[in-house]
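The primary structure of each chain is shown beneath.
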Amino acid sequence: MLLENVRILDFTQYLSGPSATRMLAELGADVIKVEYGPSGDPSRTLPFVSGETSSYYTQQNRGKRSICIDLGNEAGCELARELALKCDVIVENFGPGVMDRRGLGWRQLSRSKPELIGASISAFGKSGPLSHLQGFDLMGQALSGMMHLTGDPDGPPQFTGSPIADCAAGLTLFGAIGHALFHRERTGEGQAIEVNLVDPLFAMHSIAVQGHSATRGSWSQERSGRQFSIVVPSGTYKGPEGWIVLQVLAPQWPRLCEAMGVPELADDERYSSSDARVENAQTLLALVETWLQTFDSDAAALEFLESWRIPAAPVLSPEQAMEHPHFLEGGMVRTTLDPTLGELLVTGLPMRFSRLEPSEAEPGPPTRGEHNAEVLEELLGVSADRIEFLEESGALIAAPDRHSR
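Not measured: the values here are computed from a predicted model. Chains are numbered independently. Their residues run from 1 in the order of the written sequence. Per-residue local features are limited, in this predicted model, to residues with pLDDT of at least 70; the limit for side-chain atom pairs, both in listing and counting, is 80 or more; totals at the level of whole chains, interfaces and linings are taken over all residues. Where side-chain values are given, they derive from all heavy atoms of the structure, hydrogens and water being excluded.

## Thoughts on helix α17 (residues 384–393)
Next, step 1: When we look at burial in α17, the residues that qualify are Ile387, Leu390 and Glu391. For α17, the arc enclosing every buried residue in end-on projection is 100°, short of the 170-degree limit, so these residues lie on one face. The exposed residues of α17 that point more than 90 degrees off its buried face are Asp385 and Glu392. Only protein chains enter the accessibility calculation, which uses a 1.4 Å probe; a residue whose area is less than 20% of its type maximum is buried, one above 50% is exposed, and one in between is partly exposed. Counting from the N terminus, the helices are the DSSP runs of H or I reaching at least four residues and the strands are the DSSP runs of E reaching at least two. By definition, the arc is the one covered by directions from the helix axis to the C-beta atoms.

## Comments concerning the side chain of serine 131
Next, step 1: Following the sequence through the fold, serine 131 ends up in the loop between β7 (117–122) and α6 (137–143).
Next, step 2: Using a relative accessible area of 15% as the deciding quantity, one classes serine 131 as buried.
Next, step 3: In what follows, a contact means two residues having at least one pair of non-hydrogen atoms within 4.5 Å. In contact with serine 131, not counting residues within four places along its chain, are Pro96, Phe124, Gly125 and Lys126.

## Remarks on the packing of aromatic side chains
Next, step 1: What counts as a ring pair is set by centres within 6.5 Å for rings of Phe, Tyr and Trp (its six-membered ring), and what kind of pair is set by the plane angle: stacked under 30 degrees, edge-to-face over 60, tilted for all other angles. One pass over the full model with this rule turns up 6 aromatic pairs.
Next, step 2: Considering the side-chain rings of phenylalanine 304 and tryptophan 308, the 6.4 Å spacing of their centres and the 50° angle between planes classify their relative orientation as tilted.
Next, step 3: Phenylalanine 304 sits in the partly exposed class, given a relative accessible area of 28%.
Next, step 4: Given the relative accessible area of 29%, tryptophan 308 is considered partly exposed.
Next, step 5: What links up through ring pairs into an aromatic cluster is the set Trp291, Phe295, Phe304 and Trp308.
Next, step 6: The cationic tip of lysine 238 hangs over the ring face of tryptophan 243; the distance from NZ or CZ to the ring centre is 5.8 Å. Placement of a positive charge over a ring is assigned whenever Lys NZ or Arg CZ falls within 6 Å of the ring centre and within 35 degrees of the normal to the ring plane.

## Side note on the environment of valine 195
Next, step 1: Along the polypeptide, valine 195 turns up in strand β8 (residues 192–196).
Next, step 2: Separated by 76 residues in the primary sequence, valine 195 and alanine 119 have C-alpha atoms spaced 8.0 Å apart.
Next, step 3: In contact with valine 195, other than residues within four places in its own chain, are Ser120, Ile121, Ser122, Ala169, Thr172, Leu173 and Pro200.

## Quick word on helix α7 (residues 164–187)
Next, step 1: Expected span, for any helix, means 1.5 Å times one less than how many residues it has. In a regular helix each residue adds 1.5 Å, so 24 residues correspond to 34 Å; α7 covers 34 Å between its end C-alpha atoms and thus fits that length.
Next, step 2: Restricting attention to buried positions, one finds in α7 the residues Ala165, Asp166, Ala168, Ala169, Gly170, Leu173, Phe174, Ile177, Ala180, Leu181 and Arg184.
Next, step 3: For α7, the elements touching its buried residues are α1 (16–26), β6 (89–92), β7, α6, β8 and α8 (199–202).
Next, step 4: Looking one or two residues beyond α7, the residue adopting positive phi is glycine 188, at roughly 80°.

## Overview of the packing of helix α3 (residues 74–84) against helix α16 (residues 372–380)
What describes two packed helices is the angle between their axes and the distance between those same axes.
Next, step 1: Axes, fitted as lines to C-alpha atoms, cover a helix only where it is in contact. Angles between the N-to-C directions of the axes lie from 0 to 180 degrees. Running from N to C, α3 and α16 cross one another at 55°; their axes reach a closest spacing of 10 Å. What the angle tells us is that α3 and α16 run oblique. In this structure, the crossing between α3 and α16 has a hand that is left-handed. Contacts between α3 and α16 involve Leu79, Glu82 and Leu83 from the former and Val375, Leu376, Leu379 and Leu380 from the latter.
Next, step 2: Only Asp, Glu, Lys and Arg are considered charged, only Ala, Val, Leu, Ile, Met, Phe, Trp, Tyr, Cys and Pro nonpolar, and every remaining residue, Gly among them, polar. Class assignment for the residues of the contact of α3 with α16 results in 6 nonpolar, no polar and 1 charged. Comment on the angle field: the value is read as roughly parallel under 35 degrees, roughly antiparallel over 145, roughly perpendicular from 65 to 115, and oblique elsewhere. Handedness of a crossing is defined here by the sense of rotation of the near helix relative to the far one, left-handed for an anticlockwise turn of less than a right angle and right-handed for a clockwise turn.

So, in structure tokens, the structure goes:
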């Protein structure tokens, strides 16, 4: 495994942080999830709940080990500090100051272990004018300018149906941790990494920032509905049955005209240049859409577009995507065994490594505090009597099956 013998202490909750550490676990890292006692990760209560877990929790925490500690208890914090010093990376997504107040901040811990890597996700950063604010995914979409560009021109700005700020932050932190480990491999030095929910989305703007600057403020990208505002014809079109997207750049434009049986359109002054096509976007949208609907089915239209090498794809629902060969054959749809939900379909690792052998069985998620004894004995040499004492004192929260005895 790529990250074999790399140990991660994961203090994260909900989505952004757990999605990053879940990918580290898939690469072979030993991810020890510290669940905040007494209830554990709050995502255990998000849809869809069964017993003391949920499908939401399972998706992002499979393959990890769980230890449940009351971080409001000084003995619990001391336990967490001891564990941190046995790890390569600590990851958290609390607000500014939360970890420091518990003696778990990277600067505090790195005094004892300089090679330790600290990785953090927060809403708006640990410093700066907005660092004091709480925030979640929608705040990232809004502040980054992403929402402003999504929706109909005469309608309100809209957020995406999936939490892209959380997921983008998780992917960004995942990549940053890998590079910090590489730096440490070369130099022996640890460091702190910080990601917020806004910056990864702001960095995704392809033209909105530099285009406004290049025109000295005379141009601004605005909402354009289902037609991409700067490359036409590109957007969402009603097909014979459902919706189809096309993205036709300048090299493909003459081919599309030929495919539609109107090659003269390529030289028509209304559409012969990129600027002209943008100016006449609505007329062109109607022409392309009317042509697409002459096919007997969406599949027939897509097959014809493929034969002309016109970039196109069907608009799939998540349920349809789960059954598509691209995701099935590429390993993006996995089956895991949840202790209460049974077999559950989950998403896979969105990258491939030639040196990474796919696992024969997808690991399931841990129950809350399932690995208390295992982790403490393995890392700290804590005795069974000491573990029982810590559980009785409330510093350590026993796994649910132990409570039922």
